[in-house]
Amino acid sequence: MFDIYCPHCQEHREEEEFHASGEAHIARPLDPDNCTDKEWAEYIYFRKNPRGIHHELWVHAAGCRKFFNITRDTQTYEIKETYKVGQQPTVTE
Amino acid sequence: MSDAIVEKTEVAAPVLIQVMNQVPAAGPRGESPLHHADLASVARQGNQQGGVTLQEVAFLGHLVIRGSIENSDFMSGAEKALGVALPGPLQSGQQGDVSVRWIAPDEWLVIVPGAEAFAMERALRDAMSGHVAVVNVSGGQTVINLSGANAREVLMKSTGYDVHDNNFPVGKVVTTTFAKSQAVIRRTGEQSWELVIRRSFADYLWLWLQDASKEFGLVVRT
């Protein structure tokens, strides 16, 4: 079980309360009508799936119901940090 | 979810919102989510003394208010209407029979006596301005008070959240998992907790609480 720090509730909660929502920091093309198919496909389908440090979007589904980001090591499962949406990670490698 | 947030600034026309009294004093007969359990009979026929006391507090007025803590008109307006400031994370406030719980960074749950819900909703709408919302959710949830010497043990059986004194002082409120459902748990006293539960889960959670309390001696009050 992860013990996850929710940056909105400002305390650790059990993983059971959370839900993972995939990779973080995926910006939607600002003008979808005029972007290329490649840009759109990359936004919709393509993800990094790295071995090591990964920035993920999670939601505190059974708590405050807010989204936030987690920096997690996909090899060790260690959570390096959690931060609010709109902020940038401090751990990048 | 995108990190690029595009904001449009528009001068909004005054929005007329239809508000209605959802908890009428007379007229349609109201039934609590636990109406079918006939708690009055259970209370009469059951134990009169025990380690755990359960009481449904039905027909209260539940109002969800939302807005940004950076909007001072919202924060001060809410305080003026409620008589108590909107509390910070995991805190609650109480002023007479008006209580307010922190739910999320931009969301609070206010509970008032049922007959006062409509007046409170209008007072909040009048006092607050900006990008705010007030929604009457009285019909969607109910309140169960859990108290007694063994109340904490019932909570320990029901939720993974740490309910020890060190982590859960009086006045704290958490939304967390409860049995196989969820509840807003608020500590109202040394030996008393308040659970705000969804209407659709009320029957399940009541049966769960009855079962979990049995070993300590369950007293049901109305």
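Refer to the structure presented above.
A.B. asks: Can you walk me through the packing of helix α4 (residues 151-158) of chain B against helix α5 (residues 202-213) of chain B in this structure?
C.D. replies: How two helices pack is summed up by the angle between their axes together with the distance between the axes. Residues and elements named next belong to chain B. The interhelical angle for the contact between α4 and α5, taken along N-to-C directions, is 120°, at an axis separation of 10 Å. Between α4 and α5, the interaxial angle falls into the category oblique. In this structure, α4 crosses over α5, and the sense of that crossing is right-handed. Here α4 contributes V154, K157 and S158 to the contact with α5, which in turn contributes W208, L209, A212 and S213. Residues of the contact of α4 with α5, tallied by class, amount to 4 nonpolar, 2 polar and 1 charged.

A.B. asks: Just to check I follow, could you spell out the nonpolar core for this structure?
C.D. replies: As a rule of thumb, soluble globular proteins bury nonpolar side chains together. Residue and element names in this part refer to chain B. The biggest cluster of nonpolar side chains holds 59 residues, and the ones touching the most others in it are I65, L82, L124, F178 and I185. If one sorts the elements of this core by residue count, α5 sits on top with 5 residues. Among residues more than four places away in sequence, those in contact with L124 are L63, I65, A78, A81, L82 and V134. Judged by nonpolar contacts, the second largest core, of 9 residues, contains I103, L109, I111 and V196.

A.B. asks: Explain the pairing of strand β1 (residues 3-6) of chain A here, please?
C.D. replies: Two faces, one strand: in a regular strand the side chains alternate between the faces of the sheet. Residue and element names in this part refer to chain A. Covered by surrounding structure in β1 are I4 and C6 only, the residues D3 and Y5 on the alternate face being uncovered. As paired strands, β1 and strand β2 (residues 11-14) are joined by 4 bridges and run antiparallel to one another. Considered in β2, the bridge of C6 is made with E11. Hairpin connection from β1 to β2: 4 residues lie between these consecutive antiparallel strands, with Q10 at a positive phi of about 60°.

Thresholds applied
- Residues numbered from 1 in each chain as written.
- Chains lettered and ligands numbered in written order.
- Predicted model: local features only at pLDDT ≥ 70, side-chain atom pairs only at ≥ 80, totals over all residues.
- Heavy atoms only, no water.
- Axes fitted to C-alpha atoms, helices over the stretch in contact; angles between N-to-C directions.
- Helix = DSSP H or I, 4+ residues; strand = E, 2+ residues; numbered from the N terminus.
- Parallel < 35°, antiparallel > 145°, perpendicular 65-115°, else oblique.
- Left-handed = near helix turned anticlockwise from the far one by under 90°.
- Contact = heavy atoms within 4.5 Å.
- Nonpolar A, V, L, I, M, F, W, Y, C, P; charged D, E, K, R; others polar.
- Core = buried A, V, L, I, M, F, W, Y, C linked by side-chain atoms within 4.5 Å.
- Buried < 20%, exposed > 50% of the residue type's maximum accessible area, 1.4 Å probe, protein only.
- Pairing = 2+ DSSP bridges.

Keep in mind that these numbers describe shape and distance, not what the molecule does.
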